[in-house]
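Each chain, written out:
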Protein chains: 6
Amino acid sequence: MGEVHMVEVGEKGETVRQAVARGAVVVSPATLRLIERGALPKGDVLTVARVAGIMAAKLTPRLLPLCHPVRLTSVEVELKLDQQKSRVEIEARATAVDRTGVEMEALTAVAVAALTVYDMIKGVDRRAIIADIRLVAKSGGRSGDFVREGEEEACTE
Amino acid sequence: MGEVHMVEVGEKGETVRQAVARGAVVVSPATLRLIERGALPKGDVLTVARVAGIMAAKLTPRLLPLCHPVRLTSVEVELKLDQQKSRVEIEARATAVDRTGVEMEALTAVAVAALTVYDMIKGVDRRAIIADIRLVAKSGGRSGDFVREGEEEACTE
Amino acid sequence: MGEVHMVEVGEKGETVRQAVARGAVVVSPATLRLIERGALPKGDVLTVARVAGIMAAKLTPRLLPLCHPVRLTSVEVELKLDQQKSRVEIEARATAVDRTGVEMEALTAVAVAALTVYDMIKGVDRRAIIADIRLVAKSGGRSGDFVREGEEEACTE
Amino acid sequence: MGEVHMVEVGEKGETVRQAVARGAVVVSPATLRLIERGALPKGDVLTVARVAGIMAAKLTPRLLPLCHPVRLTSVEVELKLDQQKSRVEIEARATAVDRTGVEMEALTAVAVAALTVYDMIKGVDRRAIIADIRLVAKSGGRSGDFVREGEEEACTE
Amino acid sequence: MGEVHMVEVGEKGETVRQAVARGAVVVSPATLRLIERGALPKGDVLTVARVAGIMAAKLTPRLLPLCHPVRLTSVEVELKLDQQKSRVEIEARATAVDRTGVEMEALTAVAVAALTVYDMIKGVDRRAIIADIRLVAKSGGRSGDFVREGEEEACTE
Amino acid sequence: MGEVHMVEVGEKGETVRQAVARGAVVVSPATLRLIERGALPKGDVLTVARVAGIMAAKLTPRLLPLCHPVRLTSVEVELKLDQQKSRVEIEARATAVDRTGVEMEALTAVAVAALTVYDMIKGVDRRAIIADIRLVAKSGGRSGDFVREGEEEACTE
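Residues numbered from 1 in each chain as written. Chains lettered and ligands numbered in written order. Predicted model: local features only at pLDDT ≥ 70, side-chain atom pairs only at ≥ 80, totals over all residues. Heavy atoms only, no water.

Let us look at the overall build of chain A. In terms of regular secondary structure, chain A is built from three helices and five strands. Helices and strands in chain A line up, N terminus first, as β-α-α-β-β-α-β-β. Since a compact globule built from 157 residues should have a radius of gyration of about 15 Å, the 17 Å found for chain A is in line with a globular shape. Its C-alpha atoms give chain A principal-axis dimensions of about 50 × 35 × 30 Å. When the 157 residues of chain A are sorted by exposure, 67% land in the buried category. Within chain A, residue pairs in contact and separated by at least 24 positions form 73% of the contacts whose partners lie at least 6 positions apart. Looking at chain A as shown, the accessible area adds up to about 5,200 Å², and 51% of this sits on carbon and sulfur atoms. Charge separation in chain A, taken as the distance between the mean sites of 22 positive and 23 negative side-chain charges, equals 5 Å. (Helix = DSSP H or I, 4+ residues; strand = E, 2+ residues; numbered from the N terminus. Rg over C-alpha atoms; globule rule 2.2 N^0.38 Å. Buried < 20%, exposed > 50% of the residue type's maximum accessible area, 1.4 Å probe, protein only. Contact = heavy atoms within 4.5 Å. Areas by Shrake-Rupley, 256 points an atom, 1.4 Å probe, with all protein chains shown as cover. Lys, Arg positive; Asp, Glu negative; His and termini not counted. Charge placed at Lys NZ, Arg CZ, Asp CG, Glu CD.)

As for its position among the elements, Thr-73 of chain C is in strand E2 (residues 72-82). On the accessibility criterion, Thr-73 of chain C (3% relative accessible area) is buried. Within polar-contact distance, the side chain of Thr-73 of chain C engages the side chain of Glu-8 of chain B at 2.8 Å. Not counting chain neighbours up to four residues away, the residues in contact with Thr-73 of chain C comprise Val-7, Glu-8, Val-9, Gly-10, His-68 and Arg-99 of chain B together with Thr-95, Ala-96 and Val-97 of chain C. (Polar contact = N/O pair within 3.5 Å; in protein donor to acceptor, adjacent residues only side chain to side chain.)

This part covers the interface of chain B and chain A. Taken together, the contacts link 47 residues of chain B with 47 residues of chain A. Around 3,900 Å² of area is buried between chain B and chain A when both sides are counted, 66% of it from carbon and sulfur atoms. Residue Arg-127 of chain A is joined to Glu-149 of chain B by a salt bridge in which the shortest nitrogen-to-oxygen separation is 2.8 Å. Applying the counting criterion to the chain B and chain A interface returns 14 residue pairs in polar contact (both at pLDDT 80 or more). Looking at the side of chain B that touches chain A, the elements with two or more residues in it are helix H2 (45-63), helix H3 (103-121) and strand E4 (129-139) of chain B. Top contributing element to the side of chain B that touches chain A by residue count: H3 of chain B, with 11 residues. For the side of chain B that touches chain A, the residue count by class is 26 nonpolar, seven polar and 14 charged. (Buried area = accessible area lost by both parts, 1.4 Å probe. Salt bridge = Lys/Arg side-chain N within 4 Å of Asp/Glu carboxyl O. Nonpolar A, V, L, I, M, F, W, Y, C, P; charged D, E, K, R; others polar.)

Take the relation of the copies chain B and chain A next. If you rotate chain B by 180° and push it 0.0 Å along the axis, it lands on chain A with an RMSD of 0.0 Å. Taken together, the rotation and translation relating the two chain copies correspond to the operation of a two-fold axis. If distances are taken from each C-alpha of chain B to the rotation axis, the shortest is found for Ala-131 of chain B, at 2.4 Å. Here 100% of the interface residues in chain B have copies in chain A that are interface residues too; the copies meet face to matching face. (Least-squares fit on C-alpha atoms with pLDDT ≥ 70 in both.)

Turning next to the packing of helix H2 (residues 45-63) of chain C against helix H2 (residues 45-63) of chain F. One way to put it is that H2 of chain C packs onto H2 of chain F with a least axis distance of 12 Å and a crossing angle of 145°. You can see that H2 of chain C and H2 of chain F cross each other, and the crossing is right-handed. For the pair H2 of chain C and H2 of chain F, the contacting residues are Ala-52, Leu-59 and Leu-63 of chain C in the first and Ala-52, Leu-59 and Leu-63 of chain F in the second. A breakdown of the residues in the contact of H2 of chain C with H2 of chain F according to their chemical character gives six nonpolar, no polar and no charged. (Axes fitted to C-alpha atoms, helices over the stretch in contact; angles between N-to-C directions. Left-handed = near helix turned anticlockwise from the far one by under 90°.)

A word on empty space enclosed by the protein. According to the stated counting rule, one finds eight cavities of 30 Å³ or more in the structure shown. Roughly 700 Å³ of internal volume is contained in the largest cavity. If you trace the largest cavity, you find 39 residues lining it, with Leu-59 of chain A, Arg-62 of chain B, Leu-59 of chain C, Leu-59 of chain D together with Leu-59 of chain F closest to the centre. Within the residue set of the lining of the largest cavity, elements represented by two or more residues are helix H2 (45-63) of chain A, H2 of chain B, H2 of chain C, helix H2 (45-63) of chain D, helix H2 (45-63) of chain E together with H2 of chain F. (1 Å grid on protein atoms, 1.4 Å probe; cavity = no way out; pocket = protein on both sides within 12 Å on 5 of 7 lines; lining within 4 Å. Points joined across faces, edges and corners; volume = space filled by probe spheres on them.)

Further remarks concern the nonpolar core. Among the nonpolar cores identified, the biggest contains 320 residues, and Val-25 of chain C together with Val-25 of chain E are the most heavily contacted of them. Aside from chain neighbours lying at most four places away, what touches Val-25 of chain C is Ser-86, Arg-87, Val-88, Ile-90, Ala-114, Val-117, Ile-121, Ala-128, Ile-129 and Ile-130 of chain C. (Core = buried A, V, L, I, M, F, W, Y, C linked by side-chain atoms within 4.5 Å.)

With that out of the way, let us pick up the confidence of the model for chain A. Residue and element names in this part refer to chain A. With 98% of its residues at a pLDDT of at least 70, chain A reaches an overall mean of 94. Least confident of the elements in chain A is strand E5 (residues 146-147), whose mean pLDDT is 95; most confident is helix H3 (residues 103-121), at 98. Per the prediction output, this complex has pTM 0.97; the corresponding ipTM is 0.97. (pLDDT = per-residue confidence, 0-100.)

So, about the UniProt feature "domain: Molybdopterin cofactor biosynthesis C (MoaC)" (unreviewed entry) in chain A. Annotation from UniProt places "domain: Molybdopterin cofactor biosynthesis C (MoaC)" (unreviewed entry) at residues 6-141 of chain A. Its end C-alpha atoms 17 Å apart, residues 6-141 of chain A is made of 34% helix and 34% strand. (UniProt positions renumbered as here; feature names shortened; annotations may be inferred.)

This model, assessed by the stated rule, comprises 112 salt bridges over all chains. In this structure, the salt-bridge partner of Arg-71 of chain C is Glu-14 of chain B, at a minimum N-O distance of 2.2 Å. Taken together, the residues Arg-71 of chain C in the loop between H2 and E2 and Glu-14 of chain B in the segment before strand E1 (15-26) connect one chain to another. Of the residues examined, Arg-71 of chain C reaches a relative accessible area of 9% and is grouped as buried. What makes Glu-14 of chain B partly exposed here is its relative accessible area of 32%. Shared partners join several salt bridges into a network, and the residues in it are Glu-14, Arg-71, Asp-98 and Arg-99 of chain A, Glu-14, Arg-71, Asp-98 and Arg-99 of chain E together with Glu-14, Arg-71, Asp-98 and Arg-99 of chain F.

Although it is not a glycine, Ser-86 of chain A sits at a positive phi angle of roughly 55°. Here Ser-86 of chain A is to be found in the loop between strand E2 (72-82) and strand E3 (87-98).

Turning our eyes to something else, we now look at the environment of Glu-8 of chain E. Within the element layout of this structure, Glu-8 of chain E appears in the segment before strand E1 (15-26). For Glu-8 of chain E, a relative accessible area of 30% translates into the label partly exposed. Each C-alpha atom of the pair Glu-8 of chain E and Thr-100 of chain E lies 9.7 Å from the other, and the pair is 92 residues apart in sequence. With near-sequence residues (within four places) excluded, Glu-8 of chain E lies in contact with Thr-73, Ser-74 and Thr-95 of chain F. In this structure the side chain of Glu-8 of chain E is engaged in a polar contact, spanning 2.7 Å, whose partner is the backbone nitrogen of Gly-10 of chain E.

So this is what it looks like as structure tokens:
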């Protein structure tokens with residue numbers, strides 16, 4: 001009871017670690033058009049969300065109690081609008097040379113980019129939903145590489 | 001282009017603001033049993049996720065570029081296991097006496113609690129998905145109260 | 001020796017406080033053109049700098065040892081390119097309803113926006129200089145309003 | 001099991017809250033002389049510890065999971081050398097106008113000032129001990145004022 | 001006067017560093033029973049304090065002005081109740097592969113876990129005292145290993 | 001449009017990186033005398049500014065969106081008073097063993113030390129100006145060493 005453990009990673013070797021995560025914000029078609037036209041009062045949703053996602057990746061060990069500080073060598077966050085599904089699709093790719101994986105950094109970047117999108121549209125679309133935040137690929141760890149079925153195109157480099 | 005605005009809230013009155021948000025982590029049935037039995041190597045998932053969610057609510061204005069600092073008077077985070085749907089259901093309730101709403105605080109608490117759950121189970125279930133993070137109720141603002149259709153039982157107090 | 005004091009502000013009344021600060025990054029003409037054309041490898045300098053400036057204003061009491069936490073109701077950061085002087089001009093306006101002024105919040109926003117500009121151009125222009133960070137106007141405090149001579153158009157609202 | 005609650009303080013009135021905390025670092029007489037003479041390689045122990053204590057008070061709600069964000073109006077940290085007991089005595093006084101007390105802010109300031117002293121002397125005195133961190137007075141809350149027996153001179157103003 | 005130095009560690013080799021620190025919160029016997037029975041209104045004291053201690057270890061270089069950022073590979077925080085002495089005993093163990101020691105990380109974890117215990121019991125026991133925060137063992141540095149006399153069982157691994 | 005990139009540095013080798021930055025706060029002669037005599041109400045300006053600058057260097061990746069976390073091995077901040085020019089001159093030197101440079105850490109230290117000086121003197125000299133924050137030397141990167149013309153004495157070691 002009450003056990004809480006940060007896993008010891010000191011004995012692992014330093015390798016290149018990469019992880020790709022995805023998620024989406026499901027919005028109304030009217031909201032999607034406003035984002036596209038840059039017509040929301042808080043401003044340029046996609047750029048602000050990218051910046052917020054990148055900064056959040058660097059804060060991951062402050063947010064998640066059992067995450068190790070990690071030496072990120074790169075974070076990329078991409079957002080694109082899917083008119084058919086009326087969704088803002090988000091993808092984050094985190095890379096590090098370290099003893100531990102960067103899945104949580106990629107997932108945190110996606111989650112905070114999605115929260116930022118919601119914050120910027122909530123004045124017009126409070127029913128928007130953050131959906132399907134998931135790991136789609138990882139590489140570089142002892143447990144072997146991973147690509148989520150059906151998202152093989154997301155493989156790490 | 002490149003416009004970014006933090007909305008001026010100085011002219012609004014200070015009122016009691018409350019918001020309730022929900023979300024879930026969809027896991028495998030085997031993972032759900034491990035959580036229930038407290039048998040995961042990183043420890044007590046539900047308590048750690050609650051603490052992480054509460055702490056993250058307080059960090060909201062650091063994470064989301066255009067959020068105002070807000071005087072939270074309470075944050076509650078609850079997690080429960082839904083065996084039928086094989087999901088960890090998360091609910092957060094944020095309250096403040098301030099000029100601006102606390103939707104983002106409640107949503108951030110849910111998102112970070114969900115990320116913490118994922119972090120603690122990823123060693124056994126890397127395919128778990130964070131799903132359906134949404135505002136279910138808010139009250140106290142000028143724009144009127146809100147309860148999401150179908151989740152009326154979540155109304156604020 | 002070694003005295004350090006945070007001024008007690010509890011006896012002051014809560015009033016609307018506003019402050020405007022300005023500064024600049026002096027760059028080469030070639031760099032200015034790259035910023036204008038959005039042709040720098042790190043991306044959209046002006047938007048990223050605005051976001052960074054707004055977020056830094058909220059971090060002011062963490063950065064400056066003797067600053068009080070303050071209830072910002074708005075932060076605005078504007079950047080514009082001055083081709084004649086080959087400078088990126090930065091202006092930040094901070095507003096709060098509080099017992100203490102927001103000069104440091106406005107100045108911190110300008111400084112961090114300027115550092116962000118430098119970070120994004122340093123690959124092509126390491127000789128760029130951050131210049132003339134100054135308070136240009138403040139209002140709302142007991143010590144009276146202030147507008148810097150020669151910058152009267154910057155008056156607070 | 002696993003319960004974690006941030007107490008709701010929204011219904012409390014805003015009043016002036018003050019708390020005084022004390023603690024000490026027990027060092028060797030030789031170390032005390034080095035501090036006094038300013039002869040430690042890391043520099044001016046007392047000033048650095050004061051600054052660290054003040055800054056830590058402002059971080060209290062980030063450090064302690066269930067603490068509310070609070071509107072500090074002042075933090076004072078004093079250190080003095082007690083040659084007889086070979087101790088660095090630390091006192092912190094926190095003040096706020098808020099709905100919740102500031103005991104934790106005062107105690108956190110003492111603890112972090114003490115850790116800073118230790119950090120600066122550990123090269124010469126790794127056996128030093130941080131001792132007796134305690135609340136000595138508080139005022140302004142609904143539960144009534146408090147002064148620790150034997151330390152009545154520490155009363156809040 | 002006014003000298004402040006962060007020691008240069010760049011020339012040191014990267015080695016496995018470990019440090020163990022201990023401390024205690026001295027409470028009333030009635031409080032100890034409430035902790036044991038999980039009957040405090042703020043919830044599960046021991047788990048929340050462990051999480052807070054682990055997270056604080058990661059914040060050490062933000063709290064202590066002259067500490068280096070360090071690559072923690074593990075942090076463990078244990079709390080146990082000593083009925084005889086009416087104390088909550090706290091032990092933290094920090095490990096890193098780095099050029100500098102992790103004493104401050106272990107001591108910070110103990111101090112913040114202790115402050116968290118106090119925060120959760122202060123409603124019933126405001127006279128509780130945080131006592132005896134001390135380094136008990138360290139290994140891996142150039143200055144040689146250390147085990148505090150009388151606490152040899154705490155040796156690092 | 002809206003592009004934002006953190007440069008991938010994983011393929012670079014780890015080398016000793018050093019950067020020196022300078023800047024100044026231009027004050028009135030009367031203010032300079034108050035600083036010199038330690039007669040300002042907020043206390044010992046130079047020591048507090050040094051501590052703030054060192055701590056800010058460690059926060060650089062939190063402040064600047066596209067900066068990598070970096071393993072600082074040392075940060076030095078020096079301030080001195082130039083009576084002739086009525087300026088507080090600030091110099092910061094940052095060192096790391098890493099894959100990326102530390103220019104932004106040195107510049108951030110100077111900027112925050114300068115903001116701290118302004119904060120401590122603004123009660124008597126609100127017209128003071130932060131001026132000429134610039135990189136004066138860097139070494140250790142692939143792009144070659146750099147020393148600013150006219151400031152060759154600032155070379156890195």
